[in-house]
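Examination of the molecular architecture
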Amino acid sequence: MNTKKTLTINYQKLSYIDEGAKTDPPVLLIHGVPESSMLWKHIIPEIAALGFRAIAPDLPGFGQSDRFPYESTWENYVAFINDFMEALELEKIHLVVHDWGGMIGLRWACDNPDKVESLIITDTVLLPGYTWHPLAQKWRTPGYGEKVMEAMANKDSWMAGMIKEIPSVDEGILEDFFAIFETAEKRNVILELYRSANQQLTEPYLNLAAIKSPVTILWGEHDPYISTDFAYQTRDQQFPHAAVHIIPGAGHFIHVQVPEKVIPLVREHFLAILE
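The present account deals with the structure reproduced in this document.

Reading the values: rules and limits
- Residues numbered from 1 in each chain as written.
- Predicted model: local features only at pLDDT ≥ 70, side-chain atom pairs only at ≥ 80, totals over all residues.
- Heavy atoms only, no water.
- Helix = DSSP H or I, 4+ residues; strand = E, 2+ residues; numbered from the N terminus.
- Rg over C-alpha atoms; globule rule 2.2 N^0.38 Å.
- Buried < 20%, exposed > 50% of the residue type's maximum accessible area, 1.4 Å probe, protein only.
- Contact = heavy atoms within 4.5 Å.
- Lys, Arg positive; Asp, Glu negative; His and termini not counted.
- Charge placed at Lys NZ, Arg CZ, Asp CG, Glu CD.
- Pairing = 2+ DSSP bridges.
- Axes fitted to C-alpha atoms, helices over the stretch in contact; angles between N-to-C directions.
- Core = buried A, V, L, I, M, F, W, Y, C linked by side-chain atoms within 4.5 Å.
- Polar contact = N/O pair within 3.5 Å; in protein donor to acceptor, adjacent residues only side chain to side chain.
- Salt bridge = Lys/Arg side-chain N within 4 Å of Asp/Glu carboxyl O.
- Arc of directions from axis to C-beta.
- Phe/Tyr/Trp six-rings, centres within 6.5 Å; stacked < 30°, edge-to-face > 60°.

**With respect to the overall build of the chain**
If you tally the helices and strands in the chain, you get 11 helices and 8 strands. Against the 2.2 N^0.38 benchmark of 19 Å for 275 residues, the chain shows a C-alpha radius of gyration of 17 Å, consistent with a compact globule. Projecting the C-alpha coordinates of the chain onto the three principal axes gives extents of approximately 50 × 40 × 35 Å. A burial count over the chain gives 57% of its 275 residues as buried. When contacts within the chain are restricted to residue pairs at least 6 apart in sequence, long-range pairs at least 24 apart make up 74% of them. Averaging the coordinates of the 22 positive side-chain charges in the chain and doing the same for the 37 negative ones gives two points 2 Å apart.

**Brief notes about the sheet that holds strand 8 (residues 243–247)**
Here 8 strands make up an open sheet; going across it, the order is 1-2-4-3-5-6-7-8 and the pairing mixed. Each edge of the open sheet carries a strand with a single partner, namely strand 1 (4–9) and strand 8. The mean inter-strand angle of the sheet, taken between neighbouring strand axes irrespective of direction, is 20°. Taken together, the 4 bridges between strand 2 (residues 12–19) and strand 4 (residues 53–57) define a ladder with antiparallel strand orientation.

**Re the nonpolar core**
If you look at the biggest cluster of nonpolar residues, it comprises 99 residues, and the most contacted ones within it are Trp74, Phe84 and Trp100. Dropping the residues within four chain positions of it, phenylalanine 84 is found in contact with Leu7, Ile9, Leu14, Tyr16, Leu28, Ile55 and Pro57.

**Some thoughts on the pairing of strand 2**
Every regular strand shows the same layout, with side chains that alternate between the two sheet faces. In terms of burial, strand 2 is largely enclosed, as 7 of its 8 residues are buried. Strand direction decides the pairing type here: strand 1 and strand 2, joined by 6 bridges, are antiparallel. Within strand 2, the residue paired with threonine 8 across the bridge is lysine 13. Taken together, strand 1 and the strand that follows it, strand 2, pair antiparallel across an intervening segment of 2 residues, in which asparagine 10 is found at a positive phi of about 50°.

**Examining the environment of threonine 141**
Checked against the element boundaries, threonine 141 lands in the loop between helix 4 (134–139) and helix 5 (144–152). Given the relative accessible area of 33%, threonine 141 is considered partly exposed. Along the backbone, threonine 141 and serine 213 are 72 residues apart, and their C-alpha atoms lie at a distance of 39 Å. Contact partners of threonine 141, with chain neighbours within four places excluded, come to Glu146 and Arg195. Side-chain polar atoms of threonine 141 contact the backbone oxygen of glutamine 137, separated by 2.8 Å.

**A word on the pattern of salt bridges**
Side-chain pairs of opposite charge can arise where the charged atoms are in close proximity. One pass over the full model with this rule turns up 10 salt bridges. For arginine 267, the salt bridge identified is with glutamate 46, shortest N-O distance 3.8 Å. With arginine 267 in helix 11 (residues 259–274) and glutamate 46 in helix 1 (residues 44–49), this residue pair connects regions lying 221 residues apart in the sequence. By relative accessible area, which is 31% here, arginine 267 ends up partly exposed. In this structure, aspartate 111 and arginine 107 form a salt bridge, with 2.9 Å as the shortest nitrogen-oxygen distance. Linking aspartate 111 with arginine 107, this pair stays in helix 3 (residues 100–111), spanning 4 residues, or about one helical turn. Beyond isolated ion pairs, a larger network of salt bridges with shared partners links Lys4, Asp58 and Asp176.

**Notes on helix 9 (residues 229–237)**
Given 3.6 residues per turn, any residue in an α-helix points the same way as the ones three and four places further on. The complete set of buried residues in helix 9 reads Phe230, Ala231 and Thr234. Down the axis of helix 9, the smallest arc covering the buried residues is 110°, so these residues share one side. For helix 9, the secondary structure elements touched by its buried residues are strand 6 (116–122), strand 7 (215–220) and strand 8.

**Considering the environment of glycine 101**
Within the secondary structure, glycine 101 sits in helix 3. As a C-alpha pair, glycine 101 and leucine 59 span 42 residues in sequence and 8.9 Å in three-dimensional space. Setting aside chain neighbours within four positions, we find glycine 101 in contact with Ile30, His31, Gly32 and Leu106.

**Some points on the packing of aromatic side chains**
All told, the structure shown has 16 aromatic pairs when counted by the stated rule. Between phenylalanine 80 and phenylalanine 84, the aromatic rings sit 5.7 Å apart at their centres with planes inclined by 25°, giving stacked as the arrangement. With phenylalanine 80 and phenylalanine 84 both in helix 2 (residues 74–87) and 4 residues apart, this pair spans about one turn of that helix. For the pair formed by phenylalanine 80 and phenylalanine 84, the shared burial category is buried. Among the aromatic residues, those joined into a ring-pair cluster are Trp74, Trp100, Tyr130, Trp132, Trp139, Tyr194 and Phe230.

**Observations concerning the side chain of glutamate 192**
Relative to the helices and strands, glutamate 192 resides in helix 8 (residues 184–196). By relative accessible area, which is 18% here, glutamate 192 ends up buried. Setting aside residues no more than four positions away along its own chain, glutamate 192 makes contact with Arg67, Glu71 and Ser72.

This is how it looks when you write it as structure tokens:
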């Protein structure tokens, strides 16, 4: 399970997980920062078992994927979704997003609402009122961000910090997440992404209201980066028909912290689609 495949897009190696039959309805799962496709390790087999094809890329620069040969901007990651879907011949998708994967995936959905069969939104935000959490503010600050990132490259202390934040996590998943910190070139991917964010990119967010297909919003009760307020705001401003579930006692990384609480809600979402 969760064996990664590779393909080449725009002359760069791209790593991804792909489970389920090619003829099954595709589900595209987009991870955030500092993550990889292994964020979905526990979720993918459940989706595939229901008769869907679960596909999760390591975004360029993350996991085992090469970084872009150009700047790792928000716009370039949004464009990457089109390239990735084209490479795998995907037309319409069920979209599952977390953290920056939501800012990328939902921004893509603004331009392609007709290609979204359903949405699962987890601990992410594409709303004009969002303010950056303290670590993001550091990363967005030239000079200071580089120093903070260099300190995070100490694997032992980074792993210890993550295990403290997600006590139940499988350490193999964290090993895969850590790949983004291994070299200065890779670490710059995060800095470039955070520094590319601007208000104009959230302007089309109201286009998401064009998505009338099923939407489920899942959130960790104690997410320290994006509060549960944004779960309700996302519903109220974008998807009034969405179901919101706050996962008790969980933080930001709900899929690897409490998969046993997330899986039933993911199954419920896809079973409703099959009815």
